[in-house]
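Summary of the model geometry
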Amino acid sequence: MIPFLTYPLAMLALATLPALAAIYILRNRFRRRQVSSLLLWRFHVQSKQGGAKVHRLQLPLLFFLELLALALLVTAAAGPHWKLPQSTRPLIVVLDDSFSMRAIHDGASSQTRARDFLEKLFRHQPPPSTRLILAQNNPRSLGSAVKNWPQVDELLREWNCHSPGAAIPAAITLASELGQQQANILVLTDHKPDDEKISNPRLEWHAFGVPLDNFAIVNAARTALGEQDRCLLEIANFSDAERTAKLLVQAGSNTVQSSLITIGAHENQRLVFNIPSTAPTLHATLADDALDDDNEIQLLPPIRKRVRVQVALADENLSALANRTLDATGLRAAISDPPELVIRENDSSASSNIWNLRWIFAGATNAFTGPLVVDTSHPLANGIAVEGAIWAGATLTNSPGDVPVILAGNVPLISAREDVLGSRHLTLNFNPELSTLQNTPDWPILFWNILSWRIAEMPGLKESNSRLGAEVVLRTTGEPVTITQPDGAQTSFPKTGGELALETPLTGIYSVAMGTVTNQFSVNALAADESDLSACASGKWGAWSEVTERRLEETSAVWIFGLVALALLAAHLYLVTTAKGGR
Amino acid sequence: MEPAIRQALRDGEQLGLRYALQIPQVAASGWTGSRSGRRAGSSIDFQDYREYQPGDDLRFIDWGIYARTDRLAVKLFREEVTPHLDLILDGSRSMNLENTAKAKAVAQLAALLATAAANAQCTQAVWLSGEGFQRLPNDSLTPSAWDKLELASQRSPDQSFEILPPTFRRLGVRVFISDLLWPGDPLPILRRLREGAAAFFVIQLLGRDDATPPEHGNLRVADCETGEETEIYIDATAAKQYADNLAQLQQSWDDACRQCGAHMTTLIAEDLEKSLSELEAIQLLAPA
C-alpha cells in the first residue's frame, strides 16, 4: 500500500498550529480595564442571568485564515498524493535492441519502420508520459519518463540494435513493474510473440520484421595449437533453399581462403584451418545480404602466456621429473628469470609475483591407494581422477591456513594457501619412489593445472576473441586502465584492483591500455538466433483497452494544497489591508 | 486627603489667579459686601431719589431739595453686596478613575474657580456629593486649606441629592463639576440644582479614556463604582457605538441644560489647562 504522504516527517510542522493558537489566545485574552461607568457599554453587555457561563473564546477571522493556511502548507510540505482518475494512460515502449532489427528490406530496416510507427503514434495519440525500455540480453530503462516526441526522439538515439539478443519477456515484466499495471505497454520488434494470444489488456505487440534469406557466420574461434593457430569458422544458411555465397578469409594482407561455399537449406558448414601463430588479425567476410552484422568477423591471435618456472630441487631425480613434466605441459616459458613459480623442497616467503611449490618427499612415507578426497571445485584438481594409482606421502597434518585439495584421510597430499602479499604457496606431499601417480595422466594434468592457475592469476586479458554481449575479463595490476571501443569511445578506470569485467556492446577491435602495456581483443556478432531471419514477421498482436476507460493513478496533490493556501493568504492580505480582519 | 489632590489644589489656586469669576447682574445681591448690588444700599455711590417715607433715615434727606421744592426727598445709594459661588463636585468614584487625571483635574478646576471667585470678591461654598451633599471643611478659605476632598462615593450625585440636598445661597452662581456618567433623566436634578441660582454652569469633566473608545481587542470592562464587569470584543463597530452613546448622553445633558437655563461645557481632564478657554466662552471666567 502506498502511503498518502511522501514526507510524513513534515507533519511534525503541525506543531506550529498550537503555537499559533497560543499566540492568538494569549494576545486576545480579555484585558481588564476599569471604566467610569458601564452606561456607554450597554449595547454589548452580556446577560449574567442564569449563573456563571463559559465565555467563548473570541478570535478574529485572520486567526482562522492563518491556521488554515498553515495547516495546508504543512500538508503540502508533506508531499501528499492520491489516486485521481485519468482518461489516458502513460506509455512504456519496449524496444527490441537485437541486431536482427537492422536487417534491411526494401531499403528500410525493421528498426526504421518501428521508429516511424512510434512517431506516427505520438502524432495521433500522444500519451501523457512515455518511458523507453531497451530489450537487450538484460533489459534496461532509457532515462526517465518524457512528455513529448522530441524528448522521445532524443532517447531513441541510444537504440542502436547491436545486442546479440533481446529478452523481451523480461523487458515486459520490467515495464509492468514500472507502470504499476496502469501503463500501456508497446513492444516494437521484428518477430511475433511466442504466444500469439496476448491476455494482458495493457500490452500491444507490433512486429516489423520480414522473413529474409541470410548467410551468416555463427561461430568463429582462433586457438593456439603449438606453433600454429587453429581457426574455426561456422557458416549457416538461414534460408529455405540451398545457396551459395562467397567467403573471403584474410590474415593481414594475405588471403587465406577465397571460395564459394554452398550450403543446404537451414544447414551449417564448419571450416577448420591452421594459420601461423605469427599471422596478424584474421578477417573473414561473406558477401552482402540482408543483414551485414553477421557477415564479417575478426579474430585476433590467441593469448599465449607462459610461466617462468625455476626448479630448485636438490634431488636430481625429482628435478628431472619436474622439468620433464613442466616441459610436457607446453605452458613453461623458455627462460626462468625472474621466476613466477619456484619449485623447492622447503617453503619460503616470496614477493607477490612469485608462487612457491613446496615438494615434500622425504621422511616417513605411507603409500595411499585410496580412497582419496578430492576438492573437485579447486583449480588444481580440475580433471584429476586419482583412481588406481598409488600416492605415497609423509604423514602430516594440515598446516593452519592451508586449504587441502587432495586428502588421504586426514593427510593432505596437496594443499594451497595465499599469503598477505597475494602470493600462493602450494604444498605437494609426494614421494615418487613409492608412487605410481607419475605414471598416470593425472601427473601431467596436475602440473598443467598448476601452471594454468598461475597463468590465470597473471595480469592482462584472459582471451583475445569474444562474442558480442559477453564480458571480457581483465586481470589488473592496480594501474589505471583505459578501454577504447571500436567507435572510439573511451572509458577510464583510474584505480583498479583484481579483475575487471569489460562490456562488449559493439563489434570490432577493442583496445585495453593498462599502465604502459596495451592489449587488444576482438568482439564479433555471433548469434545464430539473431542471424536467422526466417522467423521474422510483421503484424500486431494484442490491443490496449479503451483509451477512455477511467482509471486511478497516483498523482501528487501538492499543487492543490498550495493553491488553496495561496488563496487564503491573498484573502488574509486583503483583510489586513482593509482592516476587516478584526486585528 | 491624598497629597496629589492637595498639590492639585495648589496648582489650581495658582492657575486661578489669572482669572476672575464673571458675575451676572442678577447675581449682584446677597450679603453686604464690597461689590455694588443691584438694589439701594449704604454705599457712597449715589443711585436715585425717592420721596421720604416715615421711618427713613433722616440723615439721607436731601435738604437742598426740601429748600427748593418744600418736599422731603431721600437720597438713595448703591447697595454693596458679596456675590456667592456654590461649587458642586461629583464625589463618586468615577471622578477618581484609575489611570486618568480626573481626580487631579477636579481638584484643580475647583481650586481655580474658587480662586477666580475670590478675585471677583465672591464668597464660595464647595459641596461634595457622597452620602448626601456635604460642604468641604474650610471651603470658605483658600483652596489649599480645603480638606477631605475625597472622590470615593459609590453614589451618583442624584442619589446623594435624595439623601441630603445642599443648601445653596439664593442668587448665587453655581457650578456643577461631574462626568455626568450615570443613567437617568438629567432634567430633574438640573432643575433642583438650578433652582434659586443667579447662574448655573455644568462642567462635564471626562478622562481621555472616557472620551476615546478603547483599542481593538478583547476587553473585560469593570464599573469602578459598582464593580460590575462585562466582557466585550472591541472592533470598529463597537468603537463607533461607544462614541455614539457618549454623544447621545452629552446631547441629552445639553438639551436639559438649555431647558433649565444652564450652560454646559465638556473638558478633558488630561487637557485641562489647554481647554480653559471653554470656560471663558460660556462666560464663567474672565481674565483677571
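Everything numeric in this text was worked out from a predicted model, so none of it was measured. (Residues numbered from 1 in each chain as written. Chains lettered and ligands numbered in written order. Predicted model: local features only at pLDDT ≥ 70, side-chain atom pairs only at ≥ 80, totals over all residues. Heavy atoms only, no water.)

1. A look at the sheet that holds strand E13 (residues 254–263) of chain A
All names here are of chain A. Here is the rule we go by: The rule for pairing is simple: two strands pair if DSSP sees at least two bridges between them. Only DSSP runs of H or I with at least four residues qualify as helices, and only runs of E with at least two residues qualify as strands; both kinds are numbered from the N terminus onward. Note on method: axes are straight lines fitted to C-alpha atoms, helices fitted across the in-contact stretch only, with angles between N-to-C directions ranging 0 to 180 degrees.
Pairing is antiparallel across the open sheet formed by 4 strands, whose spatial order is E13-E12-E15-E16. Since the sheet does not close on itself, it has two edges, and those belong to E13 and strand E16 (296–299), each with one partner. Within this sheet the neighbouring strands show an average axis-to-axis angle of 15 degrees, counted without direction. Across 4 bridges, the pairing between strand E15 (residues 282–286) and E16 is antiparallel. Looking at E16, one finds that Thr-285 is bridged to Glu-296.

2. Remarks on helix H7 (residues 236–259) of chain B
Residues and elements named next belong to chain B. Worth spelling out the cut-off: What a helix should span is 1.5 Å times the count of its residues minus one. Partly exposed describes any residue whose relative accessible area lies between the buried limit of under 20% and the exposed limit of over 50%, with all areas from a 1.4 Å probe on protein chains only and scaled to the type maximum.
Taking 1.5 Å as the rise per residue, H7 with 24 residues should run 34 Å; its terminal C-alpha atoms sit 35 Å apart, in good agreement. Taken as a whole, H7 has its buried residues at Ala-238, Ala-239, Tyr-242, Asn-245, Leu-246, Leu-249, Trp-253, Asp-254, Ala-256 and Cys-257. A positive phi of about 70 degrees marks Gly-261, the residue just after H7.

3. Observations regarding the environment of A:Gln125
Residue placement: A:Gln125 occurs in the loop between helix H3 (110–124) and strand E6 (130–135). Put simply, A:Gln125 and A:Thr88 are 37 residues apart on the chain and 9.5 Å apart in space, counted from C-alpha to C-alpha.

4. Thoughts on the interface of chain B and chain A
For interface size, the figure often reported is the accessible area lost on association. Here is the rule: Contacts: residue pairs with any heavy atoms within 4.5 Å of one another. Accessible-area loss on putting two parts together, using a 1.4 Å probe and summing over both, is the definition of buried area adopted here. Salt bridge, as applied in this entry: a Lys or Arg side-chain nitrogen positioned within 4 Å of an Asp or Glu carboxyl oxygen. Counted as a polar contact is a pair of N or O atoms within 3.5 Å, where, for protein atoms, one must be capable of donating a hydrogen and the other of accepting one, and residues adjacent in sequence contribute only when both atoms are in side chains. Under this grouping Gly is polar, as are all residues other than the nonpolar Ala, Val, Leu, Ile, Met, Phe, Trp, Tyr, Cys and Pro and the charged Asp, Glu, Lys and Arg.
Contacts between chain B and chain A engage 35 residues on the former and 25 residues on the latter. Here chain B and chain A share an interface that buries about 3,100 Å² over both sides, 55% of which is from carbon and sulfur atoms. The partner of A:Arg33 in a salt bridge is B:Asp209, and the shortest N-O contact between them spans 3.5 Å. On the surface where chain B and chain A come into contact, there are 8 residue pairs in polar contact (both at pLDDT 80 or more). Secondary-structure elements contributing two or more residues to the side of chain B that touches chain A are helix H6 (208–211), strand E9 (217–223), strand E10 (229–234) and H7 of chain B. With 7 residues, the top contributor of residues to the side of chain B that touches chain A is E9(B). For the side of chain B that touches chain A, the residue count by class is 16 nonpolar, 7 polar and 12 charged. Sheet topology note: the strand E1 (residues 31–35) of chain A/E9(B) ladder contains 5 bridges and is parallel. Counted as the bridge partner of A:Arg31 is B:Leu219 from E9(B).

5. Remarks on the pattern of salt bridges
All names here are of chain A. All told, the structure shown has 30 salt bridges over all chains when counted by the stated rule. Linking Arg-115 and Asp-153 is a salt bridge whose minimum nitrogen-to-oxygen distance equals 2.5 Å. Taken together, the residues span a long stretch of sequence, with Arg-115 in helix H3 and Asp-153 in helix H4 (residues 149–155) at a distance of 38 residues. Linking Glu-340 and Arg-308 is a salt bridge whose minimum nitrogen-to-oxygen distance equals 3.3 Å. Of this pair, Glu-340 sits in the loop between helix H6 (316–329) and strand E18 (341–344) while Arg-308 sits in the loop between E16 and strand E17 (309–312), and the two are 32 residues apart along the sequence. Since its relative accessible area comes to 8%, Glu-340 is described here as buried.

These figures come from the coordinates and say nothing about function on their own.
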